[in-house]
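# Structure assessment
What follows is the residue order along each chain.
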Amino acid sequence: MRKSFHIVCYLLFSLGMISAQQTDYTRKSITFLDAIILANPTARDMSIRQIDYTRSVTKRAVQLERFDYNPIPQGSGLMSKFTRKVDNQSTLSMEAIAQTLNTTFVAEIVAIIDENAEKRASELVDEAARMSFVATKAKDLGISAANLEAVFNSGYIYLPFINGFSESLEAKKDDKEKKVVSYNASTTISGGILWFKIDYNNGRAEVRPLLQKETSSTGYSSKHNAKEAEWNAFQAAADNYAANLEVATKDIEDFKLKTQVLEVNGANIGFNMGRREGLHVDDRYILGETIQDANGELTFKKDGFARVKSIGDNISNPGAMSYAYGVIVGDWAPGMSLIEYPTLDLDLYFMAGQIPLSTDETFYTLESAVAIGGEITYNLSRIIQKSHWYLTAGGALGSAELTDSYDNYLGGTASVNFAIMRRIQMRRFDAYAKGGLAYYVTTISEEVSDDLTKTYQNEAVGAVLGGGLNLTLSIDLALGLRYSYYMGSSDEWTVTDDNDNTYDDWFMNTSYTGGSIMLQVIYTPKALGFNPIALLGNLPD
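A few points on the structure. (Residues numbered from 1 in each chain as written. Predicted model: local features only at pLDDT ≥ 70, side-chain atom pairs only at ≥ 80, totals over all residues. Heavy atoms only, no water.)

### Points about helix α2 (residues 48–62)
End to end, α2 covers 21 Å across 15 residues, agreeing with the expected 21 Å (1.5 Å per residue, within 8%). Taken together, the buried positions of α2 are Gln-50, Ile-51, Tyr-53, Thr-54, Arg-55, Val-57, Thr-58, Ala-61 and Val-62. (Helix = DSSP H or I, 4+ residues; strand = E, 2+ residues; numbered from the N terminus. Expected span 1.5 Å × (residues − 1). Buried < 20%, exposed > 50% of the residue type's maximum accessible area, 1.4 Å probe, protein only.)

Now the structure itself:
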């Protein structure tokens, strides 16, 4: 009993020291229910399998390494009482749910936090600090009510909820063979996460609403089997919903990782967070310092940002440091604040320029004038633990014009490519090189008469190589120029009309080989309405 009393004292002393350094992150105690709150009738249309899957992926995404967890057992009577009361509510209200929490299992939450206080104390206070405290404070080990409140105020509760759910399934038929050839499914999940804070005042614990983060996600799938299409669409929506909630949780001010810069070497910095807090290679962190303005108010002045390049193993070695490289570099010095800026592990590229299209046929010219494009680059650093490696998926859509000795025929050309990309960062500038596979398609229309239009289509498979140079404008925005060299060609054009009649193939050499120059804007989002890679993976077999 005396040992536990000492440990609580050490904890309170540590919390007081840490609060003096406002930029340091302290681990939070998180209480959670292993459930998803179904907040309206449409959400309650979900199947048990869908509910269980959403609960599982959400828990995996939201339970971050920076937290300590106090689970409410699934078989708990208090949990059953709470979920029964919430399920009977027709609409979701944070205040109503907070009141329900207070009238059901607050006492159990407090007991769980109290049981875990000794464990958290041993993690928050290192051996040297404990020994120093024992030497200087051995004669005075009292605990005040304010100190005890600080322990309880480290506690939080999260409740994921769904307040919108819809599904659709469409059978695509082959009119000639009179049979279904594929099923197109889509699922949309709307919801979010409720965060509550446990306050302890005058010997009484209460739960108050802290924040509500909402998101919406849609999944698509096209498969030959209807059930497979429906489930794949649902999985894509649920996975993306969970990923959005992970970033939303990290973005809550109380939960952002914060520390101080300990080392500065040019544009490189060292700091005392690492594996224990769940750092990842290429994570973004804002640097700055707290200053006092003319009115005496404290404000945080930003002074650039850095990205993590190596992660210290502070689990096995508490003194291990992590290192980051500066992108936008200011007047940095040890002691400055380092604050997390959470995003999804991807970048969105928006491009405009031209793409190659030609023919060497004597009596024809084929060309593309302008094109727009888009690309998603997925950061592979979490998988390979190396900075600046990406998997890219993108495409471009441009005009197409075929000219013969009689007339001009208009249409469009498009390309889709998948590649591996390697970036090199040089402060605000980054250069990259990439290589991969490409698919091309060009469509030309010929108006035969007022009632009949023929469509000519050519397809080819090839490769793409390229590179680019970008200038970072802010922590989530960059501007750049890219050059791509496409390779591919095909001679065969299929011919159909608007009455679904098929004609003999037409042959004209069509080349997609050549260079492409495009301007590009790069944006790093915190949330996305759907997962494009999952969409591509859910195409028909």
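The rest of the description comes next.
### A look at the nonpolar core
Counting 44 residues, the largest nonpolar core has Ile-189, Trp-195, Phe-234 and Ile-269 as its most contacted members. Those elements that place two or more of their residues in this core are β1 (28–33), α2, β4 (155–174), β5 (179–201), α8 (226–250), β8 (268–271), β9 (284–292) and β10 (298–310). Ranked by residue count, the leading element in this core is α8, at 7 residues. With near-sequence residues (within four places) excluded, Phe-234 lies in contact with Met-46, Gln-50, Tyr-53, Thr-54, Phe-165, Thr-187 and Ile-189. Core analysis: the next-biggest nonpolar cluster, separate from the first, contains 16 residues, Tyr-409, Ala-438, Ile-444 and Tyr-486 among them. (Core = buried A, V, L, I, M, F, W, Y, C linked by side-chain atoms within 4.5 Å. Contact = heavy atoms within 4.5 Å.)

### Observations concerning α8
The terminal C-alpha atoms of α8, which comprises 25 residues, lie 37 Å apart, in line with the 36 Å expected from a rise of 1.5 Å per residue. Across the 25 residues of α8, 19 count as buried, placing the element largely inside the fold. If you check the start of α8, you find a side-chain oxygen 3.0 Å away from the backbone N of Lys-227, and it comes from Asn-225. (Polar contact = N/O pair within 3.5 Å; in protein donor to acceptor, adjacent residues only side chain to side chain.)

### Topic: the packing of α2 against α8
Where α2 contacts α8, the two axes come as close as 8 Å, and the packing angle between them is 30°. Accordingly, the angle class assigned to the pair α2 and α8 is roughly parallel. In terms of crossing hand, the pair formed by α2 and α8 is right-handed. Here α2 contributes Arg-49, Gln-50, Tyr-53, Thr-54, Val-57, Thr-58, Ala-61 and Val-62 to the contact with α8, which in turn contributes Trp-231, Phe-234, Gln-235, Ala-238, Asp-239, Tyr-241, Ala-242, Leu-245, Glu-246 and Thr-249. Its residues placed into classes, the contact of α2 with α8 shows 10 nonpolar, 5 polar and 3 charged. (Axes fitted to C-alpha atoms, helices over the stretch in contact; angles between N-to-C directions. Parallel < 35°, antiparallel > 145°, perpendicular 65-115°, else oblique. Left-handed = near helix turned anticlockwise from the far one by under 90°. Nonpolar A, V, L, I, M, F, W, Y, C, P; charged D, E, K, R; others polar.)

### A short note on the packing of aromatic side chains
Applying the stated rule across the entire model yields 15 aromatic pairs. Here the aromatic rings of Phe-165 and Phe-234 are separated by 6.4 Å at their centres, their planes lie at 70°, and the arrangement is edge-to-face. Linking Phe-165 in strand β4 with Phe-234 in helix α8, this pair joins segments that are 69 residues apart in sequence. With respect to class, Phe-165 is no different from Phe-234; both count as buried. Consider the rings of Phe-271 and Tyr-285, whose centres lie 6.1 Å apart with planes at 40°: the pair is tilted. One end of the pair, Phe-271, is in strand β8; the other, Tyr-285, is in strand β9, and 14 residues separate them in sequence. (Phe/Tyr/Trp six-rings, centres within 6.5 Å; stacked < 30°, edge-to-face > 60°.)

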